[in-house]
Amino acid sequence: MGGGKQANPSMTTPNAAVLNGEGSFALVEAEPDAVPINCAPIVSSYNDKIRPLLDAVDKLRNLMIMDEGIQLPTIVVVGDQSSGKSSVLESLAGISLPRGQGICTRVPLIMRLQHHSSPEPELSLEYSGRTDRTDEDNVTDDIVRATNSIAGGGKGISNTPLTLLVKKKGVPDLTMVDLPGITRVPIHGQPENIYDQIKDMIMEYIKPEESIILNVLSASVDFATCESIRMSQSVDKTGERTLAVVTKVDKAPEGLLEKVTGDDVNIGLGYVCVRNRIGDETYEEARAIAHELFQSHPLLSKIDKSIVGIPVLAQKLVQIQANSIARNLPEIVKKINEKLNYCLSELNKMPKNLSSVAEAMTAFMQIIGLAKESLRKILLRGEFEEYFEDRHMHCTARLVEMLNQYSDALHNCVQSDPKNNFLIEEIKALEEVKGIALPNFLPRNAFLTILQGKVSGISGIPIGFVEQVWTYIEEVVISVLMRHSDNYYQLQLCARRAGHNLMAKMKERSIKWMTEIVDMEKLTDYTCDPEYVAEWNRLMAHQKTFIDGVLDNNIRPSTITIEGIGEVEVEALRQYPLMLPQAFDLKMRMAAYWKVVMRRFVDFMALHLQLSISNLVNKEMEAEIVNELMGPYGGGIERMLEESPAVAVKRTNLNKSIRKLRDSKEVVAKIIDSIVTYGH
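Residues numbered from 1 in each chain as written. Predicted model: local features only at pLDDT ≥ 70, side-chain atom pairs only at ≥ 80, totals over all residues. Heavy atoms only, no water.

Visitor: Lay out the overall build of the chain with the relevant residues and their values.
Guide: Counting secondary structure elements, the chain contains 19 helices and 13 strands. Contacts in the chain between residues at least 24 apart in sequence constitute 78% of all its contacts with a sequence separation of at least 6. Here the chain displays about 32,700 Å² of accessible surface, and carbon together with sulfur accounts for 52% of that area. (Helix = DSSP H or I, 4+ residues; strand = E, 2+ residues; numbered from the N terminus. Contact = heavy atoms within 4.5 Å. Areas by Shrake-Rupley, 256 points an atom, 1.4 Å probe, with all protein chains shown as cover.)

Visitor: A description of a nonpolar patch on the surface should follow, citing residues and the corresponding values.
Guide: A cluster of nonpolar side chains, Met361, Met365 and Met630, forms an exposed patch at the surface whose accessible area comes to about 280 Å². As for its position among the elements, Met361 is in helix 9 (residues 357–381). (Patch = residues over 30% accessible without salt bridge, like charges linked within 9 Å, V, L, I, M, F, W, Y side chains within 5 Å. Salt bridge = Lys/Arg side-chain N within 4 Å of Asp/Glu carboxyl O.)

Visitor: Summarise the pairing of strand 12 (residues 559–562); cite the residues concerned and give the values.
Guide: It is a general feature of regular strands that their side chains alternate between the two faces of the sheet. By the alternation rule, side chains of strand 12 split into Ile560 and Ile562, which are all buried, and Thr559 and Thr561, of which none is buried. Strand direction decides the pairing type here: strand 12 and strand 13 (residues 566–569), joined by 4 bridges, are antiparallel. Residue Thr561 lies in a different strand from strand 13, and its bridge partner there is Glu567. Between strand 12 and strand 13, which pair antiparallel one after the other, the connecting turn spans 3 residues, and Gly564 there sits at a positive phi close to 90°. (Buried < 20%, exposed > 50% of the residue type's maximum accessible area, 1.4 Å probe, protein only. Pairing = 2+ DSSP bridges.)

Visitor: Can you lay out the pairing of strand 4 (residues 109–114) for me, pointing to particular residues and giving the numbers?
Guide: Extensive coverage of strand 4 is indicated by the burial of 6 of its 6 residues. Burial along strand 4 is two-sided: Leu109, Met111 and Leu113 facing one way and Ile110, Arg112 and Gln114 facing the other are all buried. In the sheet, strand 4 pairs with strand 7 (residues 162–167) via 6 bridges, with the strands oriented parallel. Directly across from Leu109, in strand 7, lies its bridge partner Leu162. As judged from the 5 bridges shared by strand 4 and strand 8 (residues 174–178), these two strands associate in the antiparallel manner. Its bridge partner lying in strand 8, Arg112 is registered against Thr175.

Visitor: Give me the packing of helix 12 (residues 424–433) against helix 18 (residues 580–630): which residues, what numbers.
Guide: At a closest axis distance of 9 Å, the pairing of helix 12 and helix 18 adopts a crossing angle of 115°. Judged on the interaxial angle alone, helix 18 and helix 12 are roughly perpendicular. By crossing handedness, the relation of helix 12 to helix 18 is classed as right-handed. Packed against helix 12, whose contacting residues are Glu426, Ile427 and Leu430, the element helix 18 presents Gln582, Ala583, Leu586 and Lys587 at the interface. Its residues assigned to classes, the contact of helix 12 with helix 18 comprises 4 nonpolar, 1 polar and 2 charged. (Axes fitted to C-alpha atoms, helices over the stretch in contact; angles between N-to-C directions. Parallel < 35°, antiparallel > 145°, perpendicular 65-115°, else oblique. Left-handed = near helix turned anticlockwise from the far one by under 90°. Nonpolar A, V, L, I, M, F, W, Y, C, P; charged D, E, K, R; others polar.)

Visitor: Give a description of the pattern of salt bridges that names residues and reports values.
Guide: As enumerated under the stated definition, the model contains 37 salt bridges in all. Two residues, Asp132 and Arg130, come together in a salt bridge whose shortest N-O distance is 2.9 Å. Look at Asp132 and you get partly exposed, because its relative accessible area is 22%. Here Arg130 falls in the partly exposed class, since its relative accessible area comes to 42%. Linked by salt bridges that have partners in common, Glu373, Arg376, Arg381 and Glu383 make up one network.

Visitor: Provide a residue-level description of the packing of aromatic side chains, including the pertinent values.
Guide: Enumeration over the complete set of coordinates arrives at 6 aromatic pairs. Measuring from centroid to centroid gives 6.1 Å for Tyr532 and Tyr593, while their planes differ by 85°, and the two rings are edge-to-face. Of this pair, Tyr532 sits in helix 16 (residues 530–540) while Tyr593 is found in helix 18, placing the two residues 61 residues apart along the sequence. Judged by its relative accessible area of 16%, Tyr532 falls in the buried class. A residue is classified by how much of its surface remains accessible, and Tyr593, at 2% relative accessible area, is buried. (Phe/Tyr/Trp six-rings, centres within 6.5 Å; stacked < 30°, edge-to-face > 60°.)

Visitor: Which residues make up the environment of Val312, and what values do they have?
Guide: Topologically, Val312 is positioned in helix 8 (residues 310–349). On the basis of relative accessible area, Val312 is assigned to the buried category, the value being 4%. Considering only alpha carbons, one finds Val312 and Val272, 40 residues apart in sequence, at a separation of 7.5 Å.

Visitor: Describe unusual backbone geometry, and please don't skip the residues or the numbers.
Guide: The phi dihedral of Lys248 falls on the positive side, at around 55°, and the residue is not glycine. With respect to the secondary-structure elements, Lys248 resides in the loop between strand 10 (242–247) and helix 6 (256–262).

Visitor: Provide a residue-level description of the nonpolar core, including the pertinent values.
Guide: Counting residues in hydrophobic clusters, the biggest one holds 90 residues, and the most contacted among them are Ile473, Phe546, Leu573 and Phe601. The biggest single contributor to this core is helix 18, with 22 residues. The residues touching Ile473, leaving out its near neighbours within four places in the chain, are Leu399, Met503, Leu609, Ile613 and Leu616. In terms of nonpolar packing, the next biggest core, distinct from the first, is built from 41 residues, Leu89, Leu113, Ile143 and Leu243 among them. (Core = buried A, V, L, I, M, F, W, Y, C linked by side-chain atoms within 4.5 Å.)

Visitor: Give a detailed account of helix 10 (residues 395–411), specifying residues and quantitative values.
Guide: Here helix 10 is 17 residues long and its end C-alpha atoms lie 24 Å apart, about the 24 Å a rise of 1.5 Å per residue gives. The set of residues buried in helix 10 consists of Cys395, Arg398, Leu399, Met402, Leu403, Tyr406, Ser407 and Leu410. (Expected span 1.5 Å × (residues − 1).)

Visitor: Tell me about the side chain of Glu521, and name the residues and values.
Guide: Along the polypeptide, Glu521 turns up in helix 15 (residues 489–523). Using a relative accessible area of 5% as the deciding quantity, one classes Glu521 as buried. Once you skip the residues sitting within four places of it in the chain, Glu521 turns out to touch Leu451, Val455, Tyr593, Val597, Arg600 and Phe601.

Visitor: Report on the environment of Glu122, specifying residues and quantitative values.
Guide: By the element assignment, Glu122 lies in strand 5 (residues 122–127). Taking relative accessible area as the criterion, Glu122 reaches 35% and is therefore assigned partly exposed. Excluding residues that lie within four positions of it along the chain, Glu122 makes contacts with His116, Arg133, Leu165, Val166 and Lys167.

Visitor: Go over the sheet that holds strand 4 with me, naming the residues and quoting the values.
Guide: The strand order across the open sheet built from 9 strands is 6-5-7-4-8-3-9-10-11, with neighbouring strands paired in mixed fashion. Looking at which strands have only one partner, the edges of the open sheet turn out to be strand 6 (130–134) and strand 11 (271–273). Neighbour to neighbour, the strand axes of the sheet diverge by 25° on average, direction disregarded.

Visitor: Lay out the side chain of Lys377 with the relevant residues and their values.
Guide: Along the chain, Lys377 turns up in helix 9. Among the polar contacts made by the side chain of Lys377, one reaches the side chain of Glu385 at a distance of 3.4 Å. Ignoring sequence-local partners within four residues, the contact set of Lys377 consists of Gly382, Glu383, Glu385 and Glu386. (Polar contact = N/O pair within 3.5 Å; in protein donor to acceptor, adjacent residues only side chain to side chain.)

Visitor: Please give an account of the confidence of the model for the chain that cites residues and values.
Guide: Taken over all residues, the pLDDT of the chain has a mean of 85, while the share at 70 or more is 89%. Summarising per-element confidence for the chain, the mean pLDDT is lowest in strand 1 (residues 15–19) (41) and highest in helix 14 (residues 460–484) (96). For the stretch residues 1–40, pLDDT sits under 50, and the model shows 87 contacts to residues farther than four places along the chain or on other chains. (pLDDT = per-residue confidence, 0-100.)

Visitor: Hey, could you go over the packing of helix 9 against helix 10 for me, with residue numbers and the actual values?
Guide: Where helix 9 meets helix 10, the closest approach of the two axes is 6 Å, and the angle between their N-to-C directions is 35°. Residue-level contacts link Ile378, Leu379 and Leu380 of helix 9 to Cys395, Thr396 and Leu399 of helix 10.

Okay, structure coming up:
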C-alpha cells in the first residue's frame, strides 16, 4: 500500500499462507473479526495457520542459520532517538520496556510476540546461551540486566542479540528486531563513534532484501530530514519493503494528513498513525483514547481509519510478515539445501581423520609418493600442468634460463682489455719463466701461469651460480612438500625441516664439487677436443702478417686488426721483437683453450644439476623426511595423527554447519508439510 493511496479495508484482515499448485506460497484471507476495535484484542486469534510460519522462522533464527549466509524474513524496527520506538513496541506487546535518557536499546532486541489463550502471560529472556523467566513487573529491570551482561554496564552498544519472548493473550503474532535509536552526538560514557556503530548495525539488518523496515517517525519532524528515512532509502529506494509508523500525532496534528497522503519519502507499504500510552494509562485505556482521538479530533479524524491505530498497525505487520515469509520460504529452502550440499562436499574433500598408525603410515606414503611425482614432473620432465599459471614452478625452463645467464656471465668476465694490453701479459709471463734452454720452445709454465690467473678470476661465478640454483630448487621443493602435506600440520613441520636440511647438504655438496672443478682447471691443461687444435691453427694463420705489421719500420701502424680478436694497439710491442712469435703463439693457444674451459664449466654444471636433482627426487628426499620424522624432533609417525589447528577448526566448523543446516532443513520440511495439509 503506497503512501497517498487509501487503504483497502480488506488489507486490515490477516491472512494465512498455503502452498499453491505451482509450488510457491500464496496468502488466503482469514475471516474478519466483528468485535469493536477499541475493546477487542489487538489481533484476533486467527493464528492456527500463521503461527507455524512464524514459529519456523523463529526456530531458524534460534539455530543461527543467518551465520550461514541465509537471510530470514525480519521486521526491523528503526528510528531516530526519541522517535517513540519503545512506545510503539510497548503498545504492540502490552508490556513496559526500558526508558530513560540516551540510548535505552543497546543491543538488537528480538521481540517474539505470541498470542495464547491463557490469561496468564509468559515472558522469558534468551541470551548468551541461557533462558531466564521474567514477568510484566520485572521485565524492564531484567532487560537492563541482560543488556548489561551482553554490552557491559556502560553506555556502549553490542551486536549480540537479546531475545524477549512474550506469550500473552491478544498480542499479535510477530517477531521484530528493535535496534538502537540513531543519535549523532555521543553523551557522556559513549564512544565518540557511537553514530557509526549504530549506523553499521542498522545497515547490517536492513540491507538484506528479506528484511521489512518498520520506520518509526515522530509527527513533529520533517520526515525527509530523519536519519532513519535516509538509511532505509539507501537500501530500499522504491520503499517497497518499508512501512512507516507516525507517533505523537496528538502533539503535532497540523499537516499530518498531507504528510501521510503526499508521501514525499517513498514509503511503499504505507503509513500508520498512532497515539501511544501516556503516563499511568493502561494499554486498554490508551487504545480507547486513541480510538476516540481519531474519531473526533478536528484534524486527525480526517485521516482514513484504515491507517490509524495500534490494532491496524498490528494487523498490517502480521499480514506483511506472513506475506514475506510465504514469499521467501521457497528460496530459504533452496539456500539451505545448497549450503548443506556445499558443506558436505567440502567435508568430503578434507583428508581422512587418521586414527591408527597404519592409517598414518598409508597417508604418509601417499603424500611422499605424490610429492615425488610432482617434483619429477616439474624438475625432470618439464610437465607443469599442476602449476599452469605459476611460471616460477615451470622449473626446467627456469633452470635453462639460469644456465644461460651463468654462461653469459662466464664469457663476459673479461680479465684485460685486448686493445690496450695485447700480448703484454704473455710477454711478461715468458720473461718470468725463461731459463737456460733452447730459445724456440714454448714454456708450459707460462701457459699454466696465465691459465691459473684466468681461472681464479672467474672462480666466483660458478660458486655463486651453485648457491643461486639451489636456493631456487629449495623454494620449489618446499612449496611442493607443503602443498601435498598441508592437511597434516606435524608432517608439514617435519617436511619443512627435512627440506631445508637436505637443500643445505645438496648445496654444500655442489659447492665442494664445483670447487674441485675450479682446482682441476687450475692444475693442468688438457683436452681431447679436436676443436682446440682447429681453433689454434685458425688463429695462428694470422701470426706472420701480424708480426710483419708490428715490425714494419716504414709504415709503423699504431693499431692492427686481427680476425676473431679485433683491433689492437701495437706500439708497445716493437720493443720485444724476439718474443713476439712466442707471445702470439701463447695468446692463441690460450684463446683456443679458454673456449674449451668455458664450455666445460657450463656443461659440467648442467650434468651435475641433472644428476643431483634426480638423486634428490628419487632417493634422498624421502630418506631425509623419514629420518627427520623418526628423529628426536619428529615424534614418529604417530604425530601425523594430529591435525593442523586450521584443519581441525575447519572440520569442526563444517560439522557444526552441517548439523545446523540439517536441523534447519527439518524445520522447514515440517512447516511445508503443514502448509500443504492446510492447502488441502
